[in-house]
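Spelled out, the chains give:
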Amino acid sequence: MLLFFIVGLLIHAVFFASIFDIYFTSPLVHGMAPQVTPLPPPARRLVLIVADGLRADALYDFEDNGSPRAPFLRNIIMHEGSWGISHTHVPTESRPGHVALIAGFYEDVSAVAKGWKENPVEFDSLLNESRYTWSWGSPDILNMFAKGATGNHVFAYSYDADNEDFGAQDATKLDTWVFDNIKEFFHAARNNQSLFSKLNEEKIVFFLHLLGIDTNGHAHRPTSREYKDNIKIVDEGVQRIVSLLKDFYGNDEKTAFIFTSDHGMTDWGSHGAGHRSETFTPFVAWGAGIKYPQKVPAQQFNDALLKEWKLEYWKRQDINQADIAPLMASLIGVPFPLNSVGILPVDYLNNTDVFKAESMFTNAKQILEQFKVKMTQKKEVTLPFLFTPFKLLSDSKQFDILRRARSYIKQRQYDEAVLLCKELMYLALEGLSYYHTYDRFFLGTSVLLGFVGWLSYVSLLIIKSHSSLTRGVSKEVKKPSHLLPCGFVAIGILIAFFLLIQACPWTYYVYCLLPLPIWYAVLREYQVIQDLVTSLLTFPWRRLVGCLLACVLGIEVLVLSFFYRHMLTAGLVVMAGWPLTTELWTQAKRLSLSWTSFCLLLAVFPLMPVVGRKPDLFLVMGAGMLVLLLSLFVVTALKERKDSFVNEKLLLHLLQMLSMVLSMCVVYSTHNSLLRKQGLPLTNQIVSWAVLASSLVLPLLSPRTLSRRLFSIFVSSMSTYLLLSTGYEALFPLVLSCLMFVWIHVEQGTLQQSGVSWKQKVTGVQFSYSADITQFRQLCLDDIRRALFLVFFLVTAFFGTGNIASINSFDLASVYCFLTVFSPFVMGALMMWKILIPFVLVMCAFEAVQLTTQLSSKSLFLMVLVISDIMALHFFFLVKDYGSWLDIGTSISHYVIVMSMTIVLVFLNGLAQLLMTKKLRLCGKPKHHVI
């Protein structure tokens, strides 16, 4: 058994890792030559101002009294510069947004999956290409570009990370810190000759990262007064910086200004999906090299935004976020970032037509260089007769387009040259995608073969070891012919040689060779396959078709629930009516009604909104009060018992009730403290972490009887869950736990109906590590339903209150009882524990179901493994490599979640077994208690 689990974990780890090689590989290539426009640039210096988390509508809109929210920037739009909307990609996270702005490419999913590392992938950036860069702002953003730059020419000035506090009294200090330090910097430069000379050189960049708006948005929502007032402060600060630079440089009109944001924010203070409020960010450009405002009678945009913003007569020029990097490079005359995929927005340039055409020609060569390097790399590691080049951009076509574009420029046909360069860039970008996904079909086929083989082997193992279908097989198993292993070895050698001559990475060997031992193990069980076919031929075909149809429909509902949460409601409604189809309805009507009631009650949660909900302290307190009420019933029952062990059990329940009361007090106190902008009290923080730690220990002190242990785990889990709740989700574990407790009783009832002898009551079941294997029985068709129920409950535990496949479902407010200072890893770990608490509750109930139904954990676990792997195979086919990042990222997330669920299931099964069977004693000798 142990060997099987180890092998299974390794195989699933390979299947899990395969998705990273197939879809998460970095598209970046290295070895390109820098490309720079040969003509002199219009600006000597550039000021990039990024207001983190600023929505486009929040900046361009008006206050309730009719005054503009950002009067200085609105004056720029109407009298000095150009404006539009910068369209970001999903996920709209801070790091990918800044990489797109400064490096010119949308950071691949592999880098995003690696978290907030400074350089998960090496890339070139505008700051690296500049002569000097000075930056001010958050250490999370500045350090990644400072340490990624070559030489000592990028200087970063940042405040302490502890200042990024979502519960702080005034988050605008993060922005005023930037403005004040810039003022001091330029004041000091007048008395520092070395710094003064550097500041007067060309090709320099000033980068201002303003985090206050993002912090206020997360803490108070973008519709709050704090968020809107922060925009005013930023607008005033930008005005002061512009005046400061004009004064320092003697108003030489050689400074270009770019004001934008890395991402927007939803009304509920999050970002990570594809909502327009997240992907529409402001873009305002003015100064040297930027076009002046253009008044137009009509515009090409059909939305009503222009009218709302009263900008319908000032030309709006939208831009893709990655296009900002080549624009900035063109303005100060530095090489385009080597990995940039942005296309220069020439309509923003206030320069000669020849400068625009030359800049576009340089942009086209820079992207074409990436295409050539990518093609060469793939050609070098592919056999000549197997290599299929990108037909739309052959060598001759590249040469022809470049020649014609150069000819147009010489003939002063600049518009034609610009259009031709755009065509070349679009083809090169399409070719980059082609070569990036060149091996995808080959790798996907290999993983698919391994998947199908593994499912076949586990299914045969269940039939062979845990069912009665193979009883007729002769005990004398014939040894397989030597031809079978020799054939597989020969195939393995051919595959390895094929991969070797193509210089494939070592992971390719794993994906391609893994199916061989799996299928060899399947074919070794040919006698089991033969016996299975014989048994199925004698099985009543109507019952067989009915069982298969029910399994298929159940699995399809589970798969659809990942995309449509209301499918969970449909499934729970069907499950609510299930007792009507059995004898349970007539023999245990009260139990059946309880099952139906809790199924219907749980079915309400998937219909509730995932995001956009406002914090509701009343529901959180209400959930706590219900748990306390249940605990009082238990305490009353304990006081009625007069045995010698009652004091210890009573003390434990009182401790857990105290923990629940403390959690409620902390939630209430923290909520009020944050409303008063007084931050998170230290006492509340200490109590929260203490409750979290105790929730893992207190259940181990309770008796090992089923009902007592389950209730102890439930109360301890709820204490922690309340601290992580902001609204209706606080009721979810309560309803789920009630349903789980009923499920245990229902399964024992159905077992008795099937004729299996089981005299002990559920309340008297004792948990222990030493299970009596003589009680284990063979599998029956009802056990398939039990396995489906378990997987359905696990999926409901995941998606019952949110869509964890999207970052957008996570609300930072849920961790404010533990910390408010921005810490992505700690916050992520707390949110993950919140997700896992319902999962643990289901797994504990699963342990009880195994015991009460006299079924070995291995057999039920193997069935769950097959069901979850079939779901994973669905999502493997549903992974997208086209469309928006939301579609691509969600499809990949679904596969990762199901594969993680299979892998983590082993760990959580062990955790549940520990919580259910382990007994700690604080002092004294163990005392025996007879139930």
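Please read these numbers as outputs of a predicted model, since none were measured by experiment.

A word on the overall build of the protein chain
Scanning the protein chain from terminus to terminus reveals 35 helices and eight strands. When the 931 residues of the protein chain are sorted by exposure, 55% land in the buried category. By element, 62% of the accessible surface of the protein chain is carried by carbon and sulfur atoms, the whole surface being about 40200 Å².

So, the confidence of the model for the protein chain
In the predicted model, the protein chain carries a mean pLDDT of 83, and 86% of its residues have values of at least 70. Taking the mean pLDDT of every element in the protein chain, the minimum, 50, falls on helix 5 (residues 109-113) and the maximum, 97, on strand 6 (residues 255-260). With pLDDT under 50 throughout, residues 924-931 is counted as low confidence; its partners more than four residues away or in other chains account for eight contacts.

Topic: the packing of aromatic side chains
One pass over the full model with this rule turns up 49 aromatic pairs. Ring centres of Trp134 and Phe185 lie 5.9 Å apart, and the angle between their planes is 50 degrees; this geometry places the pair in the tilted category. Of this pair, Trp134 sits in strand 3 (residues 132-137) while Phe185 sits in helix 8 (residues 173-189); the two residues are 51 residues apart in sequence, bridging distant segments of the chain. The class for Trp134 is buried, based on a relative accessible area of 1%. Judged by relative accessible area, which is 9%, Phe185 ranks as buried. Consider the rings of Trp136 and Tyr157, whose centres lie 5.8 Å apart with planes at 20 degrees: the pair is stacked. Within this pair, whereas Trp136 is found in strand 3, its partner Tyr157 is found in strand 4 (residues 154-158), the two being separated by 21 residues in sequence. Residue Tyr157 is classed as partly exposed on the basis of its relative accessible area of 33%. Over the ring of Phe361 we find Arg406; its NZ or CZ atom is 4.5 Å from the centre of that ring.

As for empty space enclosed by the protein
Per the counting criterion, the structure on display carries nine cavities of 30 Å³ or more. In this structure, the second largest cavity encloses a volume near 100 Å³. Considering the residues around the second largest cavity, the lining is formed by Ser695, Leu696, Pro699, Ile713, Ser716, Ser717, Thr720, Trp833, Ile837, Val840, Leu911 and Leu915. Element by element, the count of residues in the lining of the second largest cavity is highest for helix 30 (residues 706-723), at four residues. A breakdown of the residues in the lining of the second largest cavity according to their chemical character gives eight nonpolar, four polar and no charged.

Digging into the pattern of salt bridges
Tallied over the full model, the rule gives 19 salt bridges. In this structure, the salt-bridge partner of Arg225 is Glu63, at a minimum N-O distance of 3.1 Å. Taken together, the positions of Arg225 in helix 11 (residues 225-248) and Glu63 in the loop between helix 2 (56-60) and helix 3 (71-79) put the pair 162 residues apart, joining distant regions of the chain. Overall, Arg225 belongs to the partly exposed group, its relative accessible area being 40%. Using a relative accessible area of 8% as the deciding quantity, one classes Glu63 as buried. The closest approach of N and O atoms between Glu747 and Arg785, which form a salt bridge, is 3.0 Å.

Looking at the pairing of strand 7 (residues 280-287)
In terms of burial, strand 7 is a largely internal element, seven of the eight residues being buried. Of the pairings in the sheet, the one linking strand 2 (residues 82-87) to strand 7 comprises six bridges and is antiparallel in character. From the neighbouring strand, Ile85 faces strand 7, where its bridge partner is Pro282.

Remarks on the sheet that holds strand 2
On the basis of which strands lie adjacent, the open sheet formed by eight strands has the order 4-3-5-1-6-7-2-8 and mixed pairing. Sheet topology places strand 4 and strand 8 (319-320) at the edges, where each strand pairs with a single neighbour. Bridge count between strand 1 (residues 45-51) and strand 5 (residues 204-210): seven bridges; the pairing is parallel. What sits directly across from Ile49, in strand 5, is Leu208.

A short note on the nonpolar core
In terms of nonpolar packing, the biggest core is built from 105 residues, with Phe15, Trp595, Trp743, Phe793, Phe839, Met871 and Tyr895 touching the most fellow members. Apart from residues no more than four positions distant in its own chain, Phe15 is found in contact with Val447, Gly450, Phe451, Trp454, Leu514, Tyr895 and Met899. With 69 residues, the next largest nonpolar core counts Val154, Met328, Phe371 and Tyr435 among its residues.

What to know about the packing of helix 10 (residues 212-220) against helix 11
Two elements in contact, helix 10 and helix 11, have axes separated by 9 Å at closest approach and are oriented at 175 degrees. In this view, helix 10 runs roughly antiparallel relative to helix 11, as classed from their interaxial angle. Mapping the contact onto sequence places Gly212, Ile213, Asn216, Gly217 and His220 in helix 10 and Glu226, Tyr227, Asn230, Ile231 and Val234 in helix 11.

A few points about the environment of Ser673
If you trace the backbone, Ser673 turns up in helix 28 (residues 646-675). Sequence-distant contacts of Ser673, defined by excluding residues within four places in its chain, comprise Gln678, Gly679 and Pro681.

Structural notes on a nonpolar patch on the surface
Together, Leu626, Leu629, Leu630, Leu632 and Phe633 make up an exposed nonpolar region whose accessible area comes to about 460 Å². Summarising the element assignment, Leu632 is placed in helix 27 (residues 617-640).

Observations regarding helix 20 (residues 506-513)
Inspection of helix 20 places Thr507, Tyr508, Tyr511 and Cys512 among the buried residues, and these make up the whole buried set. Buried positions in helix 20, seen along its axis, are confined to an arc of 130 degrees and lie on one side of it.

Let's talk about unusual backbone geometry
Even without being a glycine, Asn251 presents a positive backbone phi close to 55 degrees. Assignment of secondary structure puts Asn251 in the loop between helix 11 and strand 6. Backbone geometry places Glu253, a non-glycine residue, at a positive phi of 55 degrees. With respect to the helices and strands, Glu253 occurs in the loop between helix 11 and strand 6.

With respect to the side chain of Arg45
One can find Arg45 in strand 1. When residues no more than four places from it in sequence are discounted, the contact partners of Arg45 are Ile204, Phe206, Tyr249, Asp252, Lys254, Thr255, Ala256 and Ile332.

Some remarks on the side chain of Asp124
Among the structural elements, Asp124 can be located in the loop between helix 5 and helix 6 (126-129). Of the polar contacts made by the side chain of Asp124, one reaches the backbone nitrogen of Leu338; its length is 3.1 Å. Setting aside anything within four residues of it in sequence, one finds Asp124 in contact with Ala103, Glu129, Phe336, Pro337, Leu338 and Asn339.

Observations regarding the packing of helix 19 (residues 483-501) against helix 21 (residues 515-523)
Their axes nearest at 10 Å, the elements helix 19 and helix 21 cross at an angle of 165 degrees. Taken together, helix 19 and helix 21 sit at an angle that is classed as roughly antiparallel. Handedness of the crossing formed by helix 19 with helix 21: right-handed. Of helix 21, the residues touching helix 19 (which contributes Leu484, Pro485, Phe488, Ile491, Gly492 and Ile495) are Leu516, Trp519, Tyr520 and Leu523. For the contact of helix 19 with helix 21, the class distribution of residues is nine nonpolar, one polar and no charged.

Notes on the environment of Ser18
With respect to the helices, strands and loops of the structure, Ser18 is situated in helix 1 (residues 2-23). You can call Ser18 buried: its relative accessible area is 0%. Sequence separation of Ser18 and Tyr511 is 493 residues, and the distance between their C-alpha atoms is 7.3 Å. Apart from residues lying up to four places away in sequence, Ser18 is in contact with Val447, Tyr511 and Tyr895. Among the polar contacts listed, one links the side chain of Ser18 to the backbone oxygen of Phe15, at a separation of 2.5 Å.

Some remarks on helix 16 (residues 395-410)
With 16 residues, helix 16 extends 23 Å from end C-alpha to end C-alpha; this agrees with the ideal 22 Å at 1.5 Å per step. By the burial criterion, the buried members of helix 16 are Gln398, Ile401, Leu402, Ala405 and Ile409. In a view along the axis of helix 16, the buried residues occupy a sector of 95 degrees, so they form one face of it. Pointing more than 90 degrees away from the buried face of helix 16 are the exposed residues Ser396, Phe399 and Lys410. Just beyond helix 16, the residue with positive phi is Arg412, at close to 60 degrees.

Thoughts on the environment of Arg316
With respect to the helices, strands and loops of the structure, Arg316 is situated in the loop between helix 13 (305-309) and strand 8. When the C-alpha positions of Arg316 and Trp83 are compared, they lie 5.8 Å apart, and in sequence the two are 233 residues distant. Apart from residues no more than four positions distant in its own chain, Arg316 is found in contact with Trp83, Gly84, Ile85, Gln299, Phe301, Asp303 and Leu306. For Arg316, the side chain forms a polar contact with the side chain of Asp318, separated by 2.8 Å.

Reading guide: rules and limits
- Residues numbered from 1 in each chain as written.
- Predicted model: local features only at pLDDT ≥ 70, side-chain atom pairs only at ≥ 80, totals over all residues.
- Heavy atoms only, no water.
- Helix = DSSP H or I, 4+ residues; strand = E, 2+ residues; numbered from the N terminus.
- Buried < 20%, exposed > 50% of the residue type's maximum accessible area, 1.4 Å probe, protein only.
- Areas by Shrake-Rupley, 256 points an atom, 1.4 Å probe, with all protein chains shown as cover.
- pLDDT = per-residue confidence, 0-100.
- Contact = heavy atoms within 4.5 Å.
- Phe/Tyr/Trp six-rings, centres within 6.5 Å; stacked < 30°, edge-to-face > 60°.
- Lys NZ or Arg CZ within 6 Å of the ring centre and 35° of its normal.
- 1 Å grid on protein atoms, 1.4 Å probe; cavity = no way out; pocket = protein on both sides within 12 Å on 5 of 7 lines; lining within 4 Å.
- Points joined across faces, edges and corners; volume = space filled by probe spheres on them.
- Nonpolar A, V, L, I, M, F, W, Y, C, P; charged D, E, K, R; others polar.
- Salt bridge = Lys/Arg side-chain N within 4 Å of Asp/Glu carboxyl O.
- Pairing = 2+ DSSP bridges.
- Core = buried A, V, L, I, M, F, W, Y, C linked by side-chain atoms within 4.5 Å.
- Axes fitted to C-alpha atoms, helices over the stretch in contact; angles between N-to-C directions.
- Parallel < 35°, antiparallel > 145°, perpendicular 65-115°, else oblique.
- Patch = residues over 30% accessible without salt bridge, like charges linked within 9 Å, V, L, I, M, F, W, Y side chains within 5 Å.
- Arc of directions from axis to C-beta.
- Polar contact = N/O pair within 3.5 Å; in protein donor to acceptor, adjacent residues only side chain to side chain.
- Left-handed = near helix turned anticlockwise from the far one by under 90°.
- Expected span 1.5 Å × (residues − 1).

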